[in-house]
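# Secondary and tertiary structure notes
This is what each chain is made of:
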Amino acid sequence: MNDLVNTAKRLLLVAACALVDADGRVLLAQRPPGKQLAGLWEFPGGKVEPGETPEQCIIRELHEEIGIETEIPCLAPLTFASHSYDDFHLLMPLFVCRRFRGIAQPREGQALKWVRPKQMRDYPMPPADAPLIPFLIDLL
Ligand code: C5P
(Lines give C-alpha, C1' and ligand atoms only; values in the text may rest on other atoms or scores of the structure.)
Protein backbone atom coordinates (compact mmCIF):
# COMPACT_ATOMS: atom_id res chain seq x y z
CA MET A 1 0.00 0.00 0.00
CA ASN A 2 1.58 3.24 -1.08
CA ASP A 3 -0.49 6.11 0.24
CA LEU A 4 0.00 8.18 3.35
CA VAL A 5 -3.54 7.83 4.70
CA ASN A 6 -3.62 4.04 4.83
CA THR A 7 -0.01 3.26 5.58
CA ALA A 8 1.08 2.20 9.06
CA LYS A 9 4.64 3.11 8.19
CA ARG A 10 6.61 5.85 9.89
CA LEU A 11 6.68 9.08 7.92
CA LEU A 12 10.20 10.45 7.42
CA LEU A 13 10.62 14.07 6.36
CA VAL A 14 13.84 14.73 4.46
CA ALA A 15 14.55 18.02 2.66
CA ALA A 16 16.70 18.15 -0.48
CA CYS A 17 18.16 20.99 -2.49
CA ALA A 18 19.30 21.34 -6.09
CA LEU A 19 22.19 23.81 -5.95
CA VAL A 20 22.57 25.42 -9.37
CA ASP A 21 25.83 27.16 -10.32
CA ALA A 22 26.37 30.08 -12.71
CA ASP A 23 26.79 27.62 -15.62
CA GLY A 24 23.44 25.94 -14.89
CA ARG A 25 25.01 22.80 -13.47
CA VAL A 26 23.46 20.96 -10.52
CA LEU A 27 25.39 19.53 -7.57
CA LEU A 28 24.99 15.81 -6.87
CA ALA A 29 26.42 14.06 -3.81
CA GLN A 30 27.23 10.37 -3.66
CA ARG A 31 26.04 8.55 -0.53
CA PRO A 32 29.18 7.31 1.22
CA PRO A 33 29.99 3.69 2.11
CA GLY A 34 28.25 2.46 5.26
CA LYS A 35 25.11 4.56 4.69
CA GLN A 36 21.86 3.12 3.43
CA LEU A 37 21.76 3.38 -0.40
CA ALA A 38 25.56 3.85 -0.47
CA GLY A 39 26.96 4.68 -3.89
CA LEU A 40 23.77 6.31 -5.19
CA TRP A 41 23.75 10.00 -6.12
CA GLU A 42 21.35 12.41 -4.46
CA PHE A 43 20.54 16.05 -4.02
CA PRO A 44 22.20 17.41 -0.87
CA GLY A 45 19.98 17.58 2.19
CA GLY A 46 18.92 15.40 5.07
CA LYS A 47 16.40 14.65 7.79
CA VAL A 48 14.34 17.55 9.09
CA GLU A 49 15.03 17.72 12.84
CA PRO A 50 12.22 18.34 15.37
CA GLY A 51 11.39 22.04 15.50
CA GLU A 52 13.03 22.78 12.15
CA THR A 53 11.37 23.90 8.96
CA PRO A 54 12.52 22.23 5.72
CA GLU A 55 14.26 25.50 4.78
CA GLN A 56 16.17 25.62 8.08
CA CYS A 57 17.12 21.99 7.55
CA ILE A 58 18.55 22.76 4.09
CA ILE A 59 20.57 25.71 5.40
CA ARG A 60 22.01 23.55 8.21
CA GLU A 61 22.72 20.53 5.99
CA LEU A 62 24.38 22.56 3.22
CA HIS A 63 26.65 24.13 5.83
CA GLU A 64 27.45 20.84 7.63
CA GLU A 65 27.79 18.54 4.61
CA ILE A 66 29.42 20.72 1.97
CA GLY A 67 30.40 24.07 3.50
CA ILE A 68 27.88 26.08 1.49
CA GLU A 69 26.10 29.07 3.04
CA THR A 70 22.73 30.37 1.93
CA GLU A 71 19.59 32.05 3.30
CA ILE A 72 15.88 31.26 3.31
CA PRO A 73 14.95 33.78 0.53
CA CYS A 74 17.40 31.98 -1.79
CA LEU A 75 15.49 28.67 -1.50
CA ALA A 76 12.69 28.23 -4.04
CA PRO A 77 10.40 25.21 -3.47
CA LEU A 78 10.07 23.16 -6.67
CA THR A 79 8.22 19.93 -5.89
CA PHE A 80 7.95 16.97 -3.51
CA ALA A 81 9.21 13.43 -3.74
CA SER A 82 7.15 10.77 -2.02
CA HIS A 83 8.37 7.21 -1.86
CA SER A 84 7.45 4.18 0.21
CA TYR A 85 10.53 2.29 1.39
CA ASP A 86 10.15 -1.06 3.21
CA ASP A 87 10.32 0.46 6.69
CA PHE A 88 9.21 4.08 6.26
CA HIS A 89 7.45 6.44 3.91
CA LEU A 90 9.66 9.29 2.74
CA LEU A 91 8.29 12.73 2.02
CA MET A 92 10.93 15.00 0.53
CA PRO A 93 10.45 18.62 -0.55
CA LEU A 94 12.95 19.67 -3.21
CA PHE A 95 14.23 23.24 -3.23
CA VAL A 96 16.27 25.01 -5.89
CA CYS A 97 19.03 27.39 -4.81
CA ARG A 98 20.99 29.57 -7.23
CA ARG A 99 22.38 32.08 -4.72
CA PHE A 100 24.87 30.74 -2.23
CA ARG A 101 28.37 31.38 -0.94
CA GLY A 102 31.36 29.07 -0.72
CA ILE A 103 32.92 26.30 -2.73
CA ALA A 104 31.29 22.90 -2.29
CA GLN A 105 33.61 20.60 -0.34
CA PRO A 106 32.90 17.01 0.71
CA ARG A 107 32.88 17.29 4.51
CA GLU A 108 31.36 13.86 5.19
CA GLY A 109 33.36 11.56 2.92
CA GLN A 110 30.93 11.85 0.03
CA ALA A 111 31.92 12.45 -3.61
CA LEU A 112 30.49 15.63 -5.16
CA LYS A 113 29.88 16.34 -8.82
CA TRP A 114 28.48 19.33 -10.73
CA VAL A 115 26.48 17.95 -13.65
CA ARG A 116 24.44 19.37 -16.53
CA PRO A 117 20.69 18.84 -15.99
CA LYS A 118 20.33 16.19 -18.73
CA GLN A 119 23.44 14.34 -17.48
CA MET A 120 21.71 13.74 -14.15
CA ARG A 121 19.98 10.76 -15.79
CA ASP A 122 23.39 9.01 -16.03
CA TYR A 123 23.82 8.98 -12.23
CA PRO A 124 22.03 6.17 -10.35
CA MET A 125 19.80 7.76 -7.71
CA PRO A 126 17.64 6.58 -4.80
CA PRO A 127 14.10 5.75 -5.94
CA ALA A 128 12.79 8.87 -4.22
CA ASP A 129 15.17 11.24 -6.03
CA ALA A 130 15.06 9.91 -9.59
CA PRO A 131 11.48 11.12 -10.36
CA LEU A 132 12.59 14.69 -9.51
CA ILE A 133 14.93 14.91 -12.51
CA PRO A 134 12.30 15.83 -15.14
CA PHE A 135 11.14 18.74 -12.96
CA LEU A 136 14.69 20.10 -12.86
CA ILE A 137 15.33 19.55 -16.56
CA ASP A 138 12.12 21.51 -17.32
CA LEU A 139 13.10 24.30 -14.95
CA LEU A 140 16.73 24.64 -16.00
O1 C5P B 1 20.42 10.97 4.38
P2 C5P B 1 19.78 10.12 5.44
O3 C5P B 1 20.43 8.76 5.52
O4 C5P B 1 19.63 10.80 6.75
O5 C5P B 1 18.30 9.88 4.91
C6 C5P B 1 17.42 8.96 5.52
C7 C5P B 1 16.80 8.06 4.46
O8 C5P B 1 16.04 8.83 3.53
C9 C5P B 1 17.82 7.32 3.61
O10 C5P B 1 18.18 6.11 4.18
C11 C5P B 1 17.11 7.12 2.30
O12 C5P B 1 16.33 5.95 2.35
C13 C5P B 1 16.18 8.32 2.22
N14 C5P B 1 16.72 9.38 1.33
C15 C5P B 1 16.41 9.36 -0.02
N16 C5P B 1 16.89 10.36 -0.85
C17 C5P B 1 17.65 11.36 -0.33
C18 C5P B 1 17.97 11.38 1.03
C19 C5P B 1 17.48 10.38 1.85
O20 C5P B 1 15.72 8.46 -0.49
N21 C5P B 1 18.09 12.33 -1.15
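With an unreviewed UniProt entry as reference, the chain is termed 8-oxo-dGTP diphosphatase, source organism Rhizobium loti. UniProt lists a comment for the chain under the heading Sequence similarities (unreviewed entry), and it reads "Belongs to the Nudix hydrolase family." What UniProt states about the chain under its Cofactor (unreviewed entry) heading is, verbatim, "Mg(2+)".

## Description of the pattern of salt bridges
Counted under the stated rule, the structure contains six salt bridges. Taking the shortest distance from any N to any O, the salt bridge between E61 and R60 comes out at 3.3 Å. Salt bridges linked by common partners bring E52, R60, E61 and E64 together as one network.

## Thoughts on the sheet that holds strand 2 (residues 26–30)
Spatial ordering of the open sheet is given by 3-2-7, a layout of three strands whose pairing is antiparallel. Taken across any chain shown, the strands that pair with only one partner, and hence form the sheet edges, are strand 3 (41–42) and strand 7 (112–115). Inspection of the sheet shows strand 2 paired to strand 3 by two bridges, in the antiparallel sense. The residue of strand 3 that forms the bridge with Q30 is W41.

## Concerning the nonpolar core
Of all hydrophobic cores here, the largest spans 25 residues; its most connected members are L28, F43, L90, M92, L94, M120 and L136. Contributing elements (two or more residues each) for this core: strand 1 (10–19), strand 2, strand 6 (88–97) and helix 2 (133–139). A per-element tally of this core places strand 6 first, with five residues. If we skip the residues at most four places from it in the chain, L90 touches L12, V14, A81, S82, H83, Y85 and A128. In terms of nonpolar packing, the next biggest core, distinct from the first, is built from 14 residues, A15, C57, I68 and C74 among them.

About the cut-offs
- Residues numbered from 1 in each chain as written.
- Predicted model: local features only at pLDDT ≥ 70, side-chain atom pairs only at ≥ 80, totals over all residues.
- Heavy atoms only, no water.
- UniProt positions renumbered as here; feature names shortened; annotations may be inferred.
- Salt bridge = Lys/Arg side-chain N within 4 Å of Asp/Glu carboxyl O.
- Pairing = 2+ DSSP bridges.
- Helix = DSSP H or I, 4+ residues; strand = E, 2+ residues; numbered from the N terminus.
- Core = buried A, V, L, I, M, F, W, Y, C linked by side-chain atoms within 4.5 Å.
- Buried < 20%, exposed > 50% of the residue type's maximum accessible area, 1.4 Å probe, protein only.
- Contact = heavy atoms within 4.5 Å.

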